[in-house]
Amino acid sequence: MAFCKFCGKELKEGEVCSCQTAEAPKAEEAAPVAEAPKAEEAAPAAEAPKAEEAAPVAEAPKAEEAAPKAAPSIPMPDKEQVTNAAKNVWKGFLGVYTHPVTGGKAFVENTEIAVSVCFMVLQALLSSIFSCVLIGKINKVFDMGMGFLDDYKFSGVKAFFLTLLFSVIFTALLLLLFWVAKLILKLKSSLKQLLALTAVRSVAVIPFIIVSIVLGLINPVIGVAVFYGSVLMALCFLLEAVKGLGEMQADKALYTTFIVMFVFIAISVFVASKACMLYVPDAVKNMGNLSNLLF
């Protein structure tokens, strides 16, 4: 006895089962295949958060916030420029002193403003140093009091800066007087020439102030005499240098220089007589009303 290997039906010998002759149903009809759901329908996936929402990224600090600003660089003067300026100052000094007649006039006509200012500043600094030398000599007298006279000592620092201030004021006064003279005489001269003419006075007195500092360390009285005696040299130098202002005639130059210097000295003495009490310590001022006693 035989059986169909497909359906298990009992068959006679040599008989073919009818299940093999039957037409096989189409694949899609025989077993309907469930349609695979679309990706978005099969499993609703949670939307991925946007990049900026998922993890907030800290902003990179700005360059100027991340690192502190570098300190602004201070331009250093060029070595060659400084050397040339020093040479010009020395050349102008020698020109005035070696040729006070022709050199002084040429100095006023051609000197640059920077060179003129250098002479004025140097003269003011040297005058301040001279005042400190005198103050030091005065304080040595008070040192003999074995400490009991310390309240009467003068301040060297105060004397230095006061002298520096008054030197600048007196230089500006001289410049103003020459400017007034230029307007009265209707001279064609520039500010550069007026500054150079004012600087001639500084050129004239600088060597005398240096000598006064040295002598002041030895004998203050002689040092003071040389210091104020330098005004005579300044007067002589200005008498020739003033001819560099426009077309200044020799006769007018003499009277202009004399009048300007006379007014300058008169005002300077008046101001100095009132300002000298600024140098005096309070303890000395209170000794019998010293200011009224002297002036």
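Residues numbered from 1 in each chain as written. Predicted model: local features only at pLDDT ≥ 70, side-chain atom pairs only at ≥ 80, totals over all residues. Heavy atoms only, no water.

## Regarding the overall build of the protein
When helices and strands are counted, the protein shows 13 helices and 2 strands. Taking all 295 residues of the protein together, 29% fall into the buried category. In the protein, the proportion of contacts linking residues at least 24 apart, taken out of those at least 6 apart, comes to 69%. Accessible area for the protein stands at about 20,100 Å²; split by element, carbon and sulfur atoms hold 67% of it. (Helix = DSSP H or I, 4+ residues; strand = E, 2+ residues; numbered from the N terminus. Buried < 20%, exposed > 50% of the residue type's maximum accessible area, 1.4 Å probe, protein only. Contact = heavy atoms within 4.5 Å. Areas by Shrake-Rupley, 256 points an atom, 1.4 Å probe, with all protein chains shown as cover.)

## Examining the side chain of S189
With respect to the helices, strands and loops of the structure, S189 is situated in the loop between α8 (156–185) and α9 (191–218). Since its relative accessible area comes to 10%, S189 is described here as buried. The residues contacting S189, other than those within four sequence positions of it, are K182, L194, L245 and G246.

## Re the environment of T102
When you line up the elements, T102 lands in helix α6 (residues 102–110). For T102, a relative accessible area of 56% gives the class exposed.

## Focus on the environment of A124
With respect to the helices, strands and loops of the structure, A124 is situated in helix α7 (residues 113–142). Residue A124 is classed as buried on the basis of its relative accessible area, which comes to 4%. Every residue in contact with A124, bar those within four places of it in the chain, is listed here: L164 and S167.

## So, the confidence of the model for the protein
Close inspection of predicted coordinates is inappropriate for parts of the model with low pLDDT. Considering every residue of the protein, the mean pLDDT works out to 79; 74% of them sit at 70 or more. In the model, residues 23–34 has pLDDT below 50 throughout and makes 1 contact with residues more than four positions away in sequence or in other chains. Long-range and interchain partners of residues 39–52, a stretch whose pLDDT sits below 50, account for 2 contacts in this model, where long-range means more than four residues apart. (pLDDT = per-residue confidence, 0-100.)

## Structural notes on helix α11 (residues 250–275)
Here α11 is 26 residues long and its end C-alpha atoms lie 37 Å apart, about the 38 Å a rise of 1.5 Å per residue gives. For α11, the full list of buried residues reads A253, T256, T257, V260, M261, F264, S268 and A275. (Expected span 1.5 Å × (residues − 1).)

## Notes on helix α10 (residues 220–241)
In a regular helix each residue adds 1.5 Å, so 22 residues correspond to 32 Å; α10 covers 32 Å between its end C-alpha atoms and thus fits that length. Close packing links the buried residues of α10 with α5 (79–98), α6, α7, α8, α9 and α11. Between the side-chain oxygen of the N-cap and the backbone nitrogen of V221 there are 3.1 Å, and the N-cap of α10 in question is N219. (Polar contact = N/O pair within 3.5 Å; in protein donor to acceptor, adjacent residues only side chain to side chain.)

## Some thoughts on the pattern of salt bridges
Where charged atoms from two side chains of opposite charge approach closely, those side chains can pair. Under the definition given, this model contains 1 salt bridge. In this structure, K243 and E240 form a salt bridge, with 3.0 Å as the shortest nitrogen-oxygen distance. Under the relative-accessibility criterion, E240 is labelled buried at 19%. (Salt bridge = Lys/Arg side-chain N within 4 Å of Asp/Glu carboxyl O.)

## Details of unusual backbone geometry
Phi at K186 is positive, roughly 55°, even though this residue is not glycine. With respect to the helices and strands, the residue K186 is situated in the loop between α8 and α9.

## Examining the packing of aromatic side chains
Throughout the structure, instances matching the rule amount to 9 aromatic pairs. Consider the rings of W90 and F93, whose centres lie 5.7 Å apart with planes at 20°: the pair is stacked. Of the two residues, W90 and F93 both sit in helix α5, 3 residues apart, roughly one turn of that helix. Residue F93 is classed as buried on the basis of its relative accessible area of 16%. On the basis of an interplanar angle of 35° and a centroid distance of 5.1 Å, the ring pair of F93 and Y97 is categorised as tilted. Here F93 and its partner Y97 are both found in helix α5, 4 residues apart, which amounts to about one turn of the helix. Here a set of aromatic residues connected by ring pairs shows up, and it is made of W90, F93, Y97 and F237. (Phe/Tyr/Trp six-rings, centres within 6.5 Å; stacked < 30°, edge-to-face > 60°.)

## Some thoughts on the nonpolar core
Ranked by internal contacts, the top residues of the largest apolar core, which has 45 residues, are F107, F119, F178 and L197. Listed by contribution, the elements that provide at least two residues to this core are α5, α6, α7, α8, α9, α10 and α11. Residue contributions to this core peak at 12 residues, all from α9. Here F178 is in contact with L194, L197, T198, L238, V242 and V260, once residues within four sequence places are set aside. (Core = buried A, V, L, I, M, F, W, Y, C linked by side-chain atoms within 4.5 Å.)

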